[in-house]
Amino acid sequence: MASLSPASKKAIANLRAFTSPPTNYYKCPLTRRAAVLILLFADKKGNLRVVLTIRSAGLKNYAGQAALPGGKADTLQETPFMTARREAFEEIGLAMDDHQLPVGYEVEHLTELPANLAMTELGVRPCIAYLKTPPPSPRDRDPDAARDLLPKLDAKEVAAVFTAPFYNFLRDKDLDPQTRKIVPGEWYKGSWHSWHETAWRMHQFFVPVSPATVFHADSKPRAARDADERPAESTGANMPSESAKGKTLPGKPSQSSLQPSLPRSFYSIAGDALHQPRYRVFGMTARILVDAARVAYGEEPEYEHNSHFGDEEMMDRLLKIGRLGPKRKEGEILTRDVMMEAAKAKI
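Scope of this entry: the structure provided in the associated data block. (Residues numbered from 1 in each chain as written. Predicted model: local features only at pLDDT ≥ 70, side-chain atom pairs only at ≥ 80, totals over all residues. Heavy atoms only, no water.)

Our next topic: the overall build of the protein. Scanning the protein from N- to C-terminus turns up seven helices and 12 strands. The proportion of buried residues among the 347 residues of the protein is 56%. The contacts in the protein between residues at least 6 apart in sequence include a share of 73% that link residues at least 24 apart. Carbon and sulfur atoms form 54% of the exposed surface of the protein, whose accessible area is close to 15,900 Å². (Helix = DSSP H or I, 4+ residues; strand = E, 2+ residues; numbered from the N terminus. Buried < 20%, exposed > 50% of the residue type's maximum accessible area, 1.4 Å probe, protein only. Contact = heavy atoms within 4.5 Å. Areas by Shrake-Rupley, 256 points an atom, 1.4 Å probe, with all protein chains shown as cover.)

Take a look at the structure:
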């Protein structure tokens, strides 16, 4: 394993130095709290990669979609990072304690990003961590995080674990020219949509995979585990309404708030998701990765995007009007009327 590249060193330093503004996460009741783990590690060139999963085909919702490891909090005392780390252990087998990792490996909690609001009104807190690898030794001259950890993961709740180039989430094309030649398809697609009174940029990334970057799971998902026990919205369920007509500037309300929902085909993956040359990453997962890369590299994406991080203001306004309660009522959704009422709330 090569040492971190200069760009990767700076990215890790930027993440360590980042202090997230006050969050509404802790104002939410236990049933509304969830967290995801953005686990970074260095490849052989010293560039950062991020770990993602493909949800099992046996899950009730969002089967076959890409997600960050994560789920709902168990107790009010559990911090977002504790939640994310526990869920990563349950889903992909990442040990909860460093002493249980292979010798020389260590997980460093770098920072947390502003909370995102899922369509089911979950507050999802992204937690960023760096998986440190041991230095080369006579016994193992080439430590490799993907080789040493991912093939051994006990992925009971996911169909596969794969990795993606972290910096590439700021670009609209594959950074590796060779990848463009040998892997069919494009890296990025994006479009503006309207979520009630707000314009939202929907990102879709198509991550090229190879035997060295994807590991399939043999075990079946736990029967007792159901899609409601983890923030499925992080896999792409946090989708606004139909695409707005014409161009919409970041943060500006669209005129198409009353258009119907996106077609179900938008959420699905044609054919077997595990046998595609590229795995699609979209919805909340894509947005979180974009924001994490913006903080890490101190750059803005090549494509259009929402300028704000997370949904803290929206969560604050919803809390002010009595939403995000302990128990979600049947059929309770964020309608246009609810969002208009929240927009009038004083914060």
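What follows continues from the structure just given.
Turning our attention to the packing of aromatic side chains. Using the criterion set out here, one finds 10 aromatic pairs in the structure. Ring centres of F169 and F205 lie 4.9 Å apart, and the angle between their planes is 80 degrees; on these two criteria the pair is classed as edge-to-face. With F169 in the loop between β8 (158-165) and α4 (177-182) and F205 in strand β10 (residues 198-208), this pair connects stretches of sequence that are 36 residues apart. Each member of the pair, F169 together with F205, is buried. (Phe/Tyr/Trp six-rings, centres within 6.5 Å; stacked < 30°, edge-to-face > 60°.)

Across a sheet, paired strands are connected by hydrogen bonds in the backbone, their directions being either parallel or antiparallel. Reading across from one edge, β9-β10-β12 is the order of the three strands in this open sheet, with antiparallel pairing throughout. Strand pairing shows two members of the sheet lacking a second neighbour, β9 (188-195) and β12 (278-282), which therefore form its edges. Along the sheet, successive strands turn relative to each other by an average axial angle of 20 degrees, direction set aside. Looking at chain direction, β9 and β10 are connected through eight bridges and run antiparallel. Looking at β10, one finds that H193 is bridged to W200. Packed on one face of the sheet, helix α5 (residues 283-297) meets β10 and β12 and runs near 90 degrees to β10. (Pairing = 2+ DSSP bridges. Axes fitted to C-alpha atoms, helices over the stretch in contact; angles between N-to-C directions.)

The next point concerns the pattern of salt bridges. This model, assessed by the stated rule, comprises 21 salt bridges. Here R16 ties to E108 by a salt bridge, and the two come within 2.7 Å at their closest N and O atoms. Residue R16 is found in helix α1 (residues 6-17), and its partner E108 is found in strand β5 (residues 106-112); the two are separated by 92 residues along the sequence. For R125, the salt bridge goes to E112, with nearest N and O atoms at 2.9 Å. Separated by 13 residues along the polypeptide, R125 in strand β7 (residues 123-132) and E112 in strand β5 bring together distant segments of the chain. Like R125, the residue E112 is buried in the burial classification. The network of salt bridges with shared partners includes D74, E78, R86, E87 and E90. (Salt bridge = Lys/Arg side-chain N within 4 Å of Asp/Glu carboxyl O.)

What follows covers the pairing of strand β1 (residues 33-42). Among the 10 residues in β1, 10 count as buried, and that is most of the element. Neither face of β1 is open: one carries R33, A35, L37, L39 and F41, the other A34, V36, I38, L40 and A42, and all of them are buried. Sheet analysis places β1 next to β7, joined by eight bridges and oriented parallel. Bridge pairing in β7 places L39 opposite A129. Pairing between β1 and strand β4 (residues 70-72): three bridges, direction antiparallel. Bridged to A35 within β4 is G71. Note: β1 against strand β2 (residues 48-55), three bridges, orientation antiparallel.

Turning to the layout of surface pockets, a few remarks are in order. Considering only enclosed or pocket space, the largest pocket measures out at about 870 Å³ in volume. Considering the residues around the largest pocket, the lining is formed by 31 residues, among which D43, R49, P165, D176 and T213 are closest to the centre. Secondary structure elements with two or more residues in the lining of the largest pocket: α1, β2, α3 (145-148) and β8. Here the residues of the lining of the largest pocket sort into 15 nonpolar, eight polar and eight charged. (1 Å grid on protein atoms, 1.4 Å probe; cavity = no way out; pocket = protein on both sides within 12 Å on 5 of 7 lines; lining within 4 Å. Points joined across faces, edges and corners; volume = space filled by probe spheres on them. Nonpolar A, V, L, I, M, F, W, Y, C, P; charged D, E, K, R; others polar.)

Geometry only, nothing functional implied.
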